[in-house]
Amino acid sequence: MIVSILRLFAIFCIAYVVGKLVSKIKLPAILGWLITGIVFGPYLIEIVSLQITDTVWYKIFIKVFECFAGVMIGREIVFKKIAKSGKKIIGITIVQALGTFIFVSLVFAITFAIAKLPLYLAFVFGGIALATAPAPALSIVNEYHTDGPVTKTLIPLAAIDDVIGVIVFFTTISIIGAVKGGQSVSALSTVGMIVLPFVIGIGLGALTGFVIRKIKNVILCFTVLMTGLACCIGIGIVIDYFVFGSFMLNYLLIGMSFASATANLIDECKLEKMMKIYAPILNLSLIIVIVNLGMPLDYRLIAGAGVFTVVYILSRAIGKVGCAYLGGKITKSDSRVTKWLGFTLLPHSGVSLIFTGIAVNTLTAIDPTLATAVSGTIVAATIINEIIAVILAKIAFNKAGEIKPIKKVSEVSEQEADQPQVANEME
């Protein structure tokens, strides 16, 4: 175990360096983290093997940092800030999520009708396609300090989108499993996976917020915050172990709902001071989560990528971008949101791979060849899509004018030198 931990530490250090090198050529650092995960993961150099990623301690380790990363979403969901745009955000989320599901399902229904494959398989691809991985886009937000209507829409949308994705996918796979005689997911389990992260996060977040309100010392406030997060993670792991028997809860949502509940109960100035202390933890969390997203991606599947992979990538991209545009038009959102939000929703790994694993288990009981077709298509598509999507997400933020140019040291010095002269002129 000690050797495995040292290997992981080495990979995360390499990912950090590769991310810095990638950012030098004006690409998002996340691209370097993702490639590091693929290269050093179980399918290439194998510094981290499948035996390690399948261990309980590794899964708990990743869930901890997923929860920490979720704080980034929650700290921005302050109801006073989003009160005016809340309805628009919900409207756009519903249109783009359900629209993507319908569009991808329709495209695959036509494809499978031509290929003479079962049409119900089209809905499996549609259910997987609507999933969005918030961590990649949010890491770009964190790296470039983006700010504007697209960023403000994306952050709360990421949380709502995950909920809709879980509802649609599990409903779809349960119906297919029940009708075709495969393994179906119970309605109670589905509701639990959706509701429990919010119950845990909001409950402990509210309690933490009330305690922090009575404390003046910022360091002590931060300690209380981290204690609350630790309790959230502990309760989540206990429920996963004893109720679900595996890691089914979304820890990103737990961290998000915890941070949101806390942020809505405390002073904004106090929150900002705590988040400054929290920044290194957030940066580390994003690196770990993204590297982990890259590890299960088998690069060898790219060589076997066929028509289904191309159809999946294109139909999902058209669905996300087109339906986000439609949602923006319907809700009369800012033109920048309408044009560019869809491109920030293209990153896909993480949630999609979880959905794929569940779909494969269900389809194996019906027809193993269909299960192989789904897993091969999605994993190959995820590798290709993820690299392209990260670059497109950065371009979208830039086109929306939300990535501010970094001033050179010389420019800053000149501005500082001019300030006394301006002051003298005013006098």
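Above: the structure in question.
The notes below deal with the structure included here. All residue numbers refer to positions counted from 1 along the written sequence of the respective chain. Per-residue local features are limited, in this predicted model, to residues with pLDDT of at least 70; the limit for side-chain atom pairs, both in listing and counting, is 80 or more; totals at the level of whole chains, interfaces and linings are taken over all residues. Hydrogens and water are ignored here; the side-chain numbers use all heavy atoms of the structure.

1. Brief notes about the nonpolar core
Core analysis: the biggest nonpolar cluster contains 117 residues, and Trp-33, Ile-73, Val-124, Ile-128 and Tyr-278 have the highest contact counts within it. Contacts: residue pairs with any heavy atoms within 4.5 Å of one another. Dropping the residues within four chain positions of it, Ile-73 is found in contact with Pro-134, Leu-138, Ile-155, Ala-158, Ala-159, Leu-252 and Met-256. Put simply, a nonpolar core is a bunch of buried Ala, Val, Leu, Ile, Met, Phe, Trp, Tyr and Cys residues held in one set by side-chain atoms that sit within 4.5 Å of each other. Burial classes follow relative accessibility: with a 1.4 Å probe on protein chains only, a residue under 20% of its type's maximum area counts as buried, one over 50% as exposed, and anything between as partly exposed.

2. Quick word on the state of the cysteines
The term disulfide is used for any two cysteine sulfur atoms that are within 2.5 Å. According to the stated counting rule, one finds 0 disulfides in the structure shown. Here Cys-231 stays unpaired: no disulfide links it, and the sulfur of Cys-232, its closest cysteine neighbor, is 7.2 Å away. Counting only cysteine sulfurs, Cys-67 is the nearest neighbor of Cys-232, a cysteine outside any disulfide, at a range of 5.8 Å. For Cys-232, a relative accessible area of 0% translates into the label buried.

3. A look at the packing of helix α14 (residues 307-330) against helix α15 (residues 335-344)
All axes here are fitted lines through C-alpha atoms, helices being fitted over the stretch that makes contact, and every angle between N-to-C directions spans 0 to 180 degrees. What counts as a helix is a DSSP run of H or I of at least four residues, what counts as a strand is a run of E of at least two, and both are numbered from the N terminus. At a minimum axis distance of 7 Å, the contact between α14 and α15 shows a crossing angle of 145°. Crossing hand, α14 versus α15: right-handed. Seen from α14, the contacting residues are Lys-320, Val-321, Ala-324, Tyr-325, Gly-328 and Lys-329; seen from α15, they are Thr-338, Lys-339, Gly-342 and Phe-343. Considering only residue class, the contact of α14 with α15 consists of 4 nonpolar, 3 polar and 3 charged. Crossing handedness is read from the near helix: turned anticlockwise from the far helix by less than a right angle, it gives a left-handed crossing, and turned clockwise, a right-handed one. The nonpolar class holds Ala, Val, Leu, Ile, Met, Phe, Trp, Tyr, Cys and Pro. Asp, Glu, Lys and Arg form the charged class, and all remaining residues, Gly among them, are polar.

4. Remarks on helix α12 (residues 251-263)
For α12, with 13 residues, the first-to-last C-alpha span of 18 Å sits near the 18 Å given by 1.5 Å per residue. Burial runs high along α12: 13 of the 13 residues are buried. As used in this structure description, the phrase polar contact means that two N or O atoms lie within 3.5 Å; if the pair is within protein, one of them must be able to donate a hydrogen and the other to accept it, and residues adjacent in sequence are counted only when both atoms belong to side chains. Residue Asn-250 occupies the N-cap position of α12, its side-chain oxygen lying 3.0 Å from the main-chain nitrogen of Leu-252. Expected helix span is given by 1.5 Å per residue-to-residue step, counting one fewer step than there are residues.

5. Comments concerning the packing of aromatic side chains
Each Phe, Tyr or Trp ring (for Trp, its six-membered ring) is paired with any other whose centre lies within 6.5 Å, and the angle between the two planes then decides the class: stacked below 30 degrees, edge-to-face above 60, tilted in between. Throughout the structure, instances matching the rule amount to 16 aromatic pairs. Measuring from ring centre to ring centre gives 4.2 Å for Phe-169 and Phe-355, while their planes differ by 5°; the resulting arrangement is stacked. Of this pair, Phe-169 sits in helix α9 (residues 149-180) while Phe-355 sits in helix α16 (residues 351-364); the two residues are 186 residues apart in sequence, bridging distant segments of the chain. Pair check on accessibility: Phe-169 and Phe-355 agree, each one buried. Every member of this aromatic cluster is reached through a ring pair, and the members are Phe-108, Phe-112, Phe-125, Phe-308 and Tyr-312.

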